[in-house]
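So the chains spell out like this:
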Amino acid sequence: MHLQENGFDVETVEVDGLAQVKAEHGVPQALEGCHTAVADGYVIEGHVPADVVRKLLKERPEIAGVAVPGMPIGSPGMEVPGRTPERYDVVAFAKDGKTTVYARR
C-alpha cells in the first residue's frame, strides 16, 4: 500500500456499505473513489499521493478532506508500465461541499 510504503501507519477496516462511510464523512458524490481513509480528522479519498497527505497534515487547512476522483493512470497504485501518467487534480472539499484544487499532479 502506497501510504504504508511512505511511512504511514495504516489500519485497514473492512466494511459493508462503503457508501455509508463516505456519506458519514461528507465526501461529495462527484469525488468518490475506491478507497476512503481518515487521517487526524481529515478524509483522504481515492488515490491521493503520500506527499499530499503530509502537506495536508502539516498545513491543517479548514477543510473536510482531499480526494482524487476516479483512478487516473500514474496516481499511487495506478502506475502502468509504458503508459504516460495522466495529469490529475487532488481536490479539497469542505463540509458544505465546496471544492477547490489542493494540488496538481
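Nothing here was measured: the structure is a model prediction, and the numbers come from that model. (Residues numbered from 1 in each chain as written. Predicted model: local features only at pLDDT ≥ 70, side-chain atom pairs only at ≥ 80, totals over all residues. Heavy atoms only, no water.)

Chemist: Please give an account of the packing of aromatic side chains that cites residues and values.
Modeler: Inspection of every chain in the model, using the stated rule, returns zero aromatic pairs. Against the face of Y102 rests K55, its NZ or CZ located 4.4 Å from the ring centre. (Phe/Tyr/Trp six-rings, centres within 6.5 Å; stacked < 30°, edge-to-face > 60°. Lys NZ or Arg CZ within 6 Å of the ring centre and 35° of its normal.)

Chemist: Could you give me a rundown of the sheet that holds strand 1 (residues 36–39), with the residues and numbers involved?
Modeler: Backbone hydrogen bonds hold the strands of a sheet together, and the pairing may be parallel or antiparallel. Spatially, the five strands line up as an open sheet ordered 1-2-3-4-5, and their pairing is mixed. Every other strand in the sheet has two partners, leaving strand 1 and strand 5 (99–104) as the edge strands with one partner each. Across the sheet, the mean angle separating the axes of adjacent strands is 25° when strand polarity is ignored. The strands that helix 3 (residues 50–59) touches are strand 1, strand 2 (42–46), strand 3 (65–68), strand 4 (89–93) and strand 5; relative to strand 5, the one it contacts most, it runs at about 120°. (Pairing = 2+ DSSP bridges. Helix = DSSP H or I, 4+ residues; strand = E, 2+ residues; numbered from the N terminus. Axes fitted to C-alpha atoms, helices over the stretch in contact; angles between N-to-C directions. Contact = heavy atoms within 4.5 Å.)

Chemist: So, the pairing of strand 1: which residues are in play, and what are the values?
Modeler: In terms of strand pairing, strand 1 meets strand 2 through four bridges, oriented antiparallel. Its bridge partner lying in strand 2, V38 is registered against V43. Counted along the chain from strand 1 to the antiparallel partner strand 2, the turn is two residues long, and its residue D40 has a positive phi close to 50°.

Chemist: So, the pattern of salt bridges: which residues are in play, and what are the values?
Modeler: In the structure shown here, the tally under the stated rule is four salt bridges. R105 is paired through a salt bridge with D51; the nearest N and O atoms lie 2.7 Å apart. With R105 in the segment after strand 5 and D51 in helix 3, the pair connects residues that are 54 residues apart, well separated along the chain. Across the pair R104 and D89 runs a salt bridge, and its minimum N-O distance is 2.9 Å. (Salt bridge = Lys/Arg side-chain N within 4 Å of Asp/Glu carboxyl O.)

Chemist: Quick one: what's the story with the side chain of H47, residue by residue and with numbers?
Modeler: Topologically, H47 is positioned in the loop between strand 2 and helix 3. For H47, the side chain forms a polar contact with the main-chain oxygen of P76, separated by 2.5 Å. Apart from the residues lying within four places of it in its own chain, the contact partners of H47 are C34, H35, V68, G70, M71, S75, P76, G77, M78 and Y88. (Polar contact = N/O pair within 3.5 Å; in protein donor to acceptor, adjacent residues only side chain to side chain.)

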